[in-house]
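# Examination of the molecular architecture
One letter stands for each residue in the lines below.
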Amino acid sequence: MSLPAVTRFAPSPTGSLHLGNARTAFFSYLWARKSGGRFILRIEDTDVERSERRFLDALMQDLRWLGLDWDEGPEVGGPSAPYAQSERGEWYAGLFRRLESAGLAYPCFCTPEELELSRKLQRIAGKPPRYAGTCRNLTADERSARIASGTRPTLRFAVPKDELIEFADLVHGAQKFASNDIGDFIIRREDGTSAFFFCNAVDDSVMGVTHVLRGDDHLTNTPRQLMLLDALGMRRPGYGHVGLLVGADGAPLSKRHGSTSVQDFRDRGFVPDALLNHLFHLGHTADVEGWLAPRDMPAHFRPEHLGRASARFEETQLVHWQKEALQRMSTADIGAWLGPHHATDSDAAGFAELVRHNVVLPADAAPWLAVLRGELPPLGAEERRIVSAAGPEFFAAAARALDETRADFAALAKSLRERTGRKGAELYMPLRVALTGRTHGPELAPLLRMMPMETARRRLETHARHP
RNA sequence: GCUCCCUUCGUCUAGAGGCCUAGGACACGGCCCUCUCAAGGCUGUAACACCGGUUCGAAUCCGGUAGGGAGCGCCA
C-alpha cells in the first residue's frame, strides 16, 4: 500500500451535485480510504453571486447519502479550518501582498469591456486570446494615479517568460507546458476575492493535499497553478486528471442530458450502493469483477487504473447495478424503499417480497399494486389469445376451484389440473392473464394470497361468461 | 487560431512487441431451467479510427491524418 493520501473534493455551491463531480469525489474518497489517509471537503464559494447556502446543504446531503464522509471540512472541522474559501480571504490577502511586493503580481486596471475587445481582436488576428500585458509595465506613478481616480484594479500574476513547466500527472503521465503560451491571469478580482486558480492551488497546498483528483478540463490549468505555487515557495500537490463523464452524445454530462444530478437519481429511487457500484466501474477498473459492498471498495480501488479517456454514462448499466443492489436488500429495506408505492393497508412485507424481482424503481411497483386491488387494463392481443384458447369452461372451473380451495393456489392448480387435464403453461398462463392482465409478473401463489378473494373470483368469472 | 488531452465490441473496459484466430462485464439474441418475468447455467453476434514507418513480429513503439474534447474568463 502506498503512503497515506490526503485527497479532497472542492465543489462550488452553485448548483446541484452532478454525477461527474460525484465520481471524482468518490475516487478521491476511495484513494484516501485505501491508503489510510484523509478526505477533505472544501467549499469553493468565492463567487458570492452564484454561491448559495441551499446548494451547500444539498451538496453535503448528497455526499452523505452516497456515504462519502469527509474527515475535514464543514460541520466536522479540522486543522486547516476554515474550509469555506469565503472565510479565508485574509490569508489570501497576505499571499497577494507577498506576490505583489516581490513583483510577481501586478494590479490591472483594464475593464472587462476592454479585455473582451482585446480578446476578440486577437481571435480575429488568428492569435490566442491572451491578456496583452497592458498593465504589466505601468510605473508606480501611473498606478497610484489610477487608484486615485477611483479605479479598483484586479491583481494579475506575472507569468515568467521562457519557462518550461513540467509535472507528472497522476493519470496522464509526464506533462510539459511552455510559460510563453500562458498569459498573465487574474488571481484577485476587483472586489478583492480570490479567483479560482489562486485559492484552489494555495488551499490544496496548505491543507496538505497530496493527490488532487479532478476532471480533465483542468489539465491545461495545472501549469498556471504550479507557477503560482512555485512563486510562493509552496509545496506542489500531485495532480491527476480523470476523463470526463459524458452523455450519450459524447458531450460532457450536463443538464440537457436529463437527470444527471445525484438528487435526481435519488428521487427516482436509485439506491446509493447501485450508484457507487456503477461509478466504481466508470473509467476505473478494479482488481475484481462484480458487485462490491461500498465498505469493500477502497481495498479494490486502483488509482493506476483510472481512465484517461472520457467515459460514457449509460443508464442501462446503472440499472444493472440497481438490480444487484435490490437483490441484496432485506425485505424491510425493500418495503421502505418502495415507500408510498407499497401496500400500506395489507401485508407490506409480503408485497415487498412479491414485487422485488419485478421492479427496478419504486414506481414500477404501482402496476402490481393495481393488480392486487385496482382495475386491470384492457387485455392485449397476446393476452386475449391465451384467454380464448383456454375457453370459458376453464375459467368457470377455475372460479369454482377458487372457492373450494379458498384461494390456496397450489390446491387450486392441482384441482384444475385434475379437472381439465391441463398442465404447465396451458394451465398457468390463462390464470395469470385472467388474474393480472399480463403474461409476466410475480409468482402467482403469493399474488393470489394477497389478492382479495372477491377480486380474484370476479376476474375469473369475467372470462367464464365472455368467451 | 494557438496549446493540451483522448480514440479497443452498442456501453464500461483488459491489454504496457510475440501468451491476441484480442479477454471480461453490461446490453442484445439463442438454448436449458421454469406458469411468466427475474435469478442461475450454457451459448452467439460484436471492437484494436485511418495511413505510413520501425521490427522476424504491433492493439501495443514512432510519425502523420481524421474525429471527439478541454483550456486560452474578474466561472470553477
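Please refer to the structure higher up on the page.
Now for a quick tour of the structure. (Residues numbered from 1 in each chain as written. Chains lettered and ligands numbered in written order. Predicted model: local features only at pLDDT ≥ 70, side-chain atom pairs only at ≥ 80, totals over all residues. Heavy atoms only, no water.)

## Considering the overall build of chain A
Going by this rule: The numbering of helices and of strands both runs from the N terminus, where a helix is a DSSP run of H or I of at least 4 residues and a strand a run of E of at least 2. Based on C-alpha atoms, the radius of gyration is set beside the globule rule, defined as 2.2 Å times the residue count to the power 0.38. Per-residue accessibility, obtained with a 1.4 Å probe over protein chains only, is compared with the maximum for each type, and a residue is labelled buried under 20%, exposed over 50%, and partly exposed between these values. Any pair of residues with heavy atoms lying within 4.5 Å of one another is described as a contacting pair. We score Asp and Glu as negative and Lys and Arg as positive, and we do not count His or the chain ends. Charge positions are represented by NZ for Lys, CZ for Arg, CG for Asp and CD for Glu.
When its secondary structure is counted, chain A shows 20 helices and 11 strands. The C-alpha atoms of chain A give a radius of gyration of 32 Å, which is well past the 23 Å a tight globule of 467 residues would have. Its C-alpha atoms give chain A principal-axis dimensions of about 105 × 50 × 35 Å. Relative to its 467 residues, chain A shows a buried fraction of 49%. In chain A, once contacts between residues fewer than 6 apart in sequence are set aside, the share between residues at least 24 apart is 71%. Put simply, chain A has 59 plus and 60 minus side-chain charges, and the middle of one group is 3 Å from the middle of the other.

## Observations concerning the protein's contact with RNA strand B
Convention followed: What makes a residue near a molecule or strand is one non-hydrogen atom of that residue sitting within 4 Å of it. Two N or O atoms count as a polar contact when they lie within 3.5 Å, although within protein this holds only if one can serve as hydrogen donor and the other as acceptor, and sequence-adjacent residues are included solely when both atoms are side-chain atoms. In the scheme used here, Gly and all other residues not listed as nonpolar or charged are polar, with Ala, Val, Leu, Ile, Met, Phe, Trp, Tyr, Cys and Pro taken as nonpolar and Asp, Glu, Lys and Arg as charged.
Surveying the vicinity of RNA strand B reveals 58 residues, the closest of which are Gly126, Arg189, His281, Gly283 and Glu289. Close to the protein, within 4 Å, the atoms of RNA strand B belong to sugar or phosphate groups at a rate of 73%. Aspartate 217 places a main-chain nitrogen or oxygen 3.0 Å from a sugar or linking oxygen of RNA strand B. Glycine 441 places a main-chain nitrogen or oxygen 2.5 Å from a base oxygen of RNA strand B. Counting only elements with at least two residues in the surface near RNA strand B, the list comes to helix H4 (112-124), strand S6 (173-178), helix H6 (196-206), strand S11 (311-312), helix H11 (315-328) and helix H18 (425-436). Classifying every residue of the surface near RNA strand B by side-chain character gives 17 nonpolar, 23 polar and 18 charged.

## Observations regarding helix H7 (residues 222-232)
Most of H7 sits inside the fold, with nine of its 11 residues counted as buried. Taken together, the buried positions of H7 are occupied by Thr222, Pro223, Arg224, Gln225, Leu226, Met227, Leu228, Leu229 and Leu232. A positive phi of about 70° marks glycine 233, the residue just after H7.

## With respect to the sheet that holds strand S3 (residues 105-108)
Stated formally: Here, strands pair whenever DSSP counts at least two bridges between them. Note on geometry: axes are lines fitted to C-alpha atoms, helical ones only across the stretch in contact, with angles between N-to-C directions running from 0 to 180 degrees.
Across the sheet, which stays open at both edges, the three strands sit in the order S3-S4-S7 with antiparallel pairing between neighbours. If you trace the sheet from one side to the other, it starts and ends with S3 and strand S7 (186-188), each paired once. Each neighbouring strand pair of the sheet contributes to a mean axis angle of 45°, computed without reference to strand direction. Bridge count between strand S4 (residues 154-157) and S7: two bridges; the pairing is antiparallel. Residue pairing for S7: arginine 156 is matched across the bridge by isoleucine 186.

## As for unusual backbone geometry
With an omega of 0°, the peptide bond running from alanine 81 to proline 82 counts as cis. With respect to the element layout, proline 82 can be found in the loop between helix H2 (53-66) and helix H3 (89-101). Positive phi, close to 50°, is recorded for arginine 406, a residue that is not glycine. Classification of arginine 406 by relative accessible area gives exposed; the value is 70%.

## What about the nonpolar core?
Keep this limit in mind: To form a nonpolar core, buried Ala, Val, Leu, Ile, Met, Phe, Trp, Tyr and Cys residues must be joined to one another through side-chain atoms within 4.5 Å.
By size, the foremost hydrophobic cluster in this structure holds 93 residues, and its most contacted members are Leu19, Phe26, Phe351 and Leu460. The biggest single contributor to this core is helix H1 (residues 19-35), with nine residues. Residues within four places of leucine 460 in sequence aside, it is in contact with Phe395, Ala398, Ala399, Leu402, Leu431, Ala434 and Leu435. By size, the runner-up hydrophobic cluster in this structure holds 33 residues, among which are Val6, Phe157, Ala201 and Leu232.

## Quick notes on the state of the cysteines
Put simply, the rule reads: Two cysteine sulfur atoms form a disulfide, by the criterion used here, when they sit within 2.5 Å.
Scanning all chains against the criterion turns up zero disulfides. Free of any disulfide, cysteine 110 has its nearest cysteine sulfur in cysteine 135, 3.6 Å distant. Classification of cysteine 135 as buried rests on a relative accessible area of 2%.

## Describing the pairing of strand S2 (residues 38-41)
As paired strands, strand S1 (residues 6-9) and S2 are joined by four bridges and run parallel to one another. Directly across from arginine 8, in S2, lies its bridge partner isoleucine 40.

## Some points on H1
Quick note on the threshold: A helix's residues, less one, multiplied by 1.5 Å, set its expected span.
With 17 residues, H1 should reach 24 Å at 1.5 Å per residue; the first-to-last C-alpha distance of 24 Å fits that figure. Burial analysis of H1 places 14 of its 17 residues in the buried class, which makes it a mostly covered element. Positive backbone phi, at 75°, marks glycine 36, one or two positions downstream of H1.

## Comments concerning the layout of surface pockets
Just so we agree on the cut-off: Points on a 1 Å grid over protein atoms alone make up a cavity when a 1.4 Å probe fits among them but cannot get out, and a pocket when they form an open set with protein on both sides within 12 Å along at least five of seven lines; lining residues each have an atom within 4 Å of a point. Grid points are joined across faces, edges and corners, and a volume is the space filled by probe spheres set on the points.
Counted as a void, the largest pocket has a volume near 1100 Å³. In terms of lining, the largest pocket is formed by 42 residues, of which the most central are Pro11, Ser12, His18, Asn21 and His218. Elements supplying a minimum of two residues to the lining of the largest pocket: S1, H1, H6 and strand S8 (211-215). In terms of residue count, the dominant contributor to the lining of the largest pocket is H1 (five residues). For the lining of the largest pocket, a count of residues per class yields 14 nonpolar, 18 polar and 10 charged. In this structure, the second largest pocket spans a volume of roughly 430 Å³.

## Thoughts on the environment of isoleucine 182
By the secondary structure assignment, isoleucine 182 is in the loop between S6 and S7. Since its relative accessible area comes to 6%, isoleucine 182 is described here as buried. Along the sequence, isoleucine 182 and threonine 220 sit 38 residues apart, while their C-alpha atoms lie 9.8 Å from each other. For isoleucine 182, the residues in contact, after removing those within four places along its chain, are Arg130, Val159, Pro223, Arg224 and Met227.

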